[in-house]
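Breakdown of the fold
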Amino acid sequence: MIRNPFNTKLTRRELLTLFLAGIFPLNLRAFTPTDSPEYILVLRALLDTLIPADDITPSASALGIHQEIIDGTSSDFAYDQLIQLGCRWLNHQSNGDFTNLQMPQRIQILQWMEQADRHSLPALFFNRLRYEAMALYYSQPASWKGLGLERPPQPLGYMDYQS
Amino acid sequence: MVVIGTGAGGSAVAWTLASSGVRVLALEAGPAYSPESDYLLDKPHWEKQRFPYKPNSQGNYRFAQMQKLEERWSMLRSWNIISGQNNQGEYRIPSRAGYHHLQGVGGSTLRFTGEAHRLHPESMQMQSNYGVAADWPLSYSDLEPFYQEAETVVGVAGPAENSPRWRSQPYPLPAHGLSKAATLIKKTGADNGFTWVENARAALSMNYDGRPACNYCANCNRGCPRRDKGSADVTFIHKALATDNLELRPGTRVLRIIPGTNNRIKSIDYINQNGDEKTLSCDILIMAAGAIETPRLLLASADKLTPNGVANESAQVGRNLMETLSWSSSGIANTPLNSFKGLPSDSICWDYNHPTSIPGTIGGCRFSLSMSEADLVGPINYAQRIVPGWGTGHKQALRKAFGQAVTIGAIGEFLPNDKTYVDLDPEEKDHFGIPLARIHSFLPKPELIRLKFMMNSCRKILHLAGISGLVEEYGTYDYFSSTHVFGGCRMGIDPKQSVVNGYGQSHTWKNLFITDASIFPSSGGGESPSLTIEALAIRTGRHIARGLGYKPIA
């Protein structure tokens, strides 16, 4: 059975909510491209809060996850706008620059986003980024250390499956 | 001889005919897959994509508005430990694709788990014995030799004991060894109402027929690059092509069926690989496009001779559709199991499969280990779906949980009802101007009682195995999510109540046959249908070849 319980795309209702709230841009040309340093730095900081380095595995940004996310926005307008709006919102909550915050302060903001109304911008941004970041990060073998997973399932399979 | 569709039914009938010396042309709307190069299981990003769908590998269809969800059945809503209640709306909706099929050479068998089940004999006489659904116009005894033949071609591995599905011969291959998770679940035991046995699987437990044994990578649903899974492309199609009697044309979409005189189909119109529309005369036409596309094509072929569609003289085409009634509960065990390794669905419980085994409703179900079907076999899905949080704590929790997810899945009988059917969408058409199929689905009370039993039982099995912390439950009360779809061209004895006879032959159009799951009069109590589709198709192929004076080539 194919299924996935997460609806990570913005729904029409959610897009409309953002429009009506005045959050979604009406003048797109006024916006900076998502691959500009303004967004890349915020995105890196956010992703490294979600997936920091520890003793055995690297951080999200060390594996280039921020760039993969930015690459993914090129064919998805709503996603692109969500990233921009989310980064701006983070900066706004951080007195201008999320990247200047210490880790405990970043964590505090993310905890708030995680608990926010699921249709609000902070929650939509957080949930989508968490979902995408986990997929991209755990697609890389460097992230598998400590899991008992050393390689893709094929070509060797798991002949030790009973042990 | 023209066959439309090369899934389980189309490939099996094509092989039967081709191996009898009959020249066969098989038209497939989807692409051909190369197991070695198209599947991604040897790539680092293997988990990101469930199956590598190619262009035109999925059909286009619509859903009619589904039923309003009721408070009294709210316990059946799907949920997840991270996202909460999945369907936030008031109505039942399709889960993404909803109808999980595949167009391509091999059809949905390319991404199926590969459970190779025979139907419970009692499930074939639901009207006579229990006053529901319809009787099959053939018995288990009639079908048994063809089950055996299908199992031999596919290379089914199964246990020695499998009553009440009596066997004339043992399975071609011994059953697979159980995984650690299966061993844990088996301990829940018959004393508690759940007897677990090795599942019959279309996956090789030994080298067989030029194909290598399974290496237990746990990802049948992502496509098997080794060809040990018995999908139709590496079994029936492979063997049919070896006879030189089969011509296979992928990327060929049939537009309409043209009826002729003397109750015979004259020809079909189709679009070839170059995008050109062509007409093809057919002595015999065999449809095997699945329980949605076959009714659609028959209905969309209405003309002066057949104003309600081909073979729809009794207004039965599209009626009696049956979908997948399913539930799964996932939890995290407190002991390492390496549950991302091993053969998917290696263990099964048939104790509630008999039509009368569930209190308060007619129709059975079965339970199986379903981590692979739930897609809990890699770190991405663990991280996204069942290990909450983020930060360093999330990494640590993931390392602790990975390999300990256990999913119990249940699939149950779906009885036909008047509100579940397929028709033509009045507005939406495909690129060629042919109306799309529209799926109508309704779950009446008997189905919901059965689903609730399935839910409670899945939870009980996990509890008995010592797994108390549920992390996700998913069911078809709030989502239409069907891997198995049946009916729509029911077979039967009475032309007023059915579309085809017991050989899949139209009651009216003597050179028109159907060999897909659309002809099922009842769904069975959770058995996976591919083996039954193949057995029926072989039987039909033998019948046609015999009528033409052909005999199987030794």
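Note that the structure is predicted; figures quoted are calculated from it, not measured. (Residues numbered from 1 in each chain as written. Chains lettered and ligands numbered in written order. Predicted model: local features only at pLDDT ≥ 70, side-chain atom pairs only at ≥ 80, totals over all residues. Heavy atoms only, no water.)

Further remarks concern the overall build of chain A. Scanning chain A from terminus to terminus reveals six helices and zero strands. When the helices and strands of chain A are listed from N to C terminus, the series reads α-α-α-α-α-α. Classification of the 163 residues of chain A by burial places 53% in the buried group. Summarising the internal contacts of chain A: among those between residues at least 6 apart in sequence, 63% fall at separations of at least 24. (Helix = DSSP H or I, 4+ residues; strand = E, 2+ residues; numbered from the N terminus. Buried < 20%, exposed > 50% of the residue type's maximum accessible area, 1.4 Å probe, protein only. Contact = heavy atoms within 4.5 Å.)

Another aspect to go through is the nonpolar core. Within the largest apolar cluster, 113 residues are counted, with the highest numbers of intra-cluster contacts made by L285, F367, V406 and I408 of chain B. Among the nonpolar cores identified, the runner-up in size contains 65 residues, and A60 and L63 of chain A together with L343 and I380 of chain B belong to it. (Core = buried A, V, L, I, M, F, W, Y, C linked by side-chain atoms within 4.5 Å.)

Moving on: the packing of aromatic side chains. Going through the model one piece at a time under the given rule, you end up with 24 aromatic pairs over all chains. Among the aromatic residues, those joined into a cluster by ring pairs are Y158 of chain A together with F340, Y382 and F402 of chain B. Positioned above the aromatic ring of Y79 of chain A is the side chain of R128 of chain A, whose terminal nitrogen or guanidinium carbon lies 3.9 Å from the ring centre. One Lys or Arg, R319 of chain B, reaches over the ring of Y421 of chain B and ends 4.4 Å from the middle of that ring. (Phe/Tyr/Trp six-rings, centres within 6.5 Å; stacked < 30°, edge-to-face > 60°. Lys NZ or Arg CZ within 6 Å of the ring centre and 35° of its normal.)

Here we come to the pattern of salt bridges. Summed over all chains, the structure comprises 30 salt bridges over all chains. Residue R128 of chain A pairs with D76 of chain A through a salt bridge whose shortest N-O separation is 3.6 Å. Residue R128 of chain A is located in helix α6 (residues 121-137), and its partner D76 of chain A is located in the loop between α3 (65-72) and α4 (77-93); the two are separated by 52 residues in the primary sequence. Residue R165 of chain B is joined to E527 of chain B by a salt bridge in which the shortest nitrogen-to-oxygen separation is 2.8 Å. Here R165 of chain B, found in the loop between β7 (157-158) and β8 (173-174), pairs with E527 of chain B, found in the loop between β23 (512-514) and α11 (530-547); they are 362 residues apart in sequence, far enough to count as distant. Linked through salt bridges whose partners overlap, the residues forming this network are R118, E144, E151 and R167 of chain B. (Salt bridge = Lys/Arg side-chain N within 4 Å of Asp/Glu carboxyl O.)

A few words now on the environment of S498 of chain B. All names here are of chain B. In this fold, S498 is placed in the loop between β22 (479-482) and β23. C-alpha separation for the pair S498 and F442, spaced 56 residues apart in sequence, amounts to 21 Å. Those residues in contact with S498, other than ones at most four positions away along the chain, are S314, Q316, R490, M491, G492, I493 and H507.

Our focus in this paragraph is the sheet that holds strand β15 (residues 325-332) of chain B. All names here are of chain B. An order of β5-β4-β21-β15-β18-β17-β16-β9 is seen for the eight strands of this open sheet, with the pairing classed as antiparallel. Sheet topology places β5 (84-85) and β9 (196-198) at the edges, where each strand pairs with a single neighbour. Here β9 pairs with strand β16 (residues 347-349) via three bridges, running antiparallel. The partner of E198 across the bridge, within β16, is S347. Packing of helix α8 (residues 379-386) onto the sheet brings it into contact with β4 (79-80), β15, β18 (405-412) and β21 (470-475), and relative to β21 it is tilted by some 95°. (Pairing = 2+ DSSP bridges. Axes fitted to C-alpha atoms, helices over the stretch in contact; angles between N-to-C directions.)

Counting residues at the interface gives 57 residues for chain B and 48 residues for chain A. Taken together, the two surfaces of chain B and chain A that pack against each other cover about 4,800 Å², and 58% of this comes from carbon and sulfur. On the surface where chain B and chain A come into contact, there are two salt bridges. Between K341 of chain B and D160 of chain A there is a salt bridge, and its shortest N-O distance comes to 3.0 Å. Inspection of the chain B/chain A interface yields 23 residue pairs in polar contact (both at pLDDT 80 or more). Elements with a minimum of two residues in the side of chain B that touches chain A: β6 (93-99), β15, α8, α9 (391-401) and β21 of chain B. (Buried area = accessible area lost by both parts, 1.4 Å probe. Polar contact = N/O pair within 3.5 Å; in protein donor to acceptor, adjacent residues only side chain to side chain.)

The subject of this paragraph is the side chain of E47 of chain B. Residues and elements named next belong to chain B. Tracing the backbone shows E47 in the loop between α2 (35-38) and β3 (61-63). A distance of 2.9 Å separates a polar side-chain atom of E47 from the backbone nitrogen of N381. Discounting chain neighbours no more than four positions away, the residues touching E47 are R222, G378, P379, I380 and N381.

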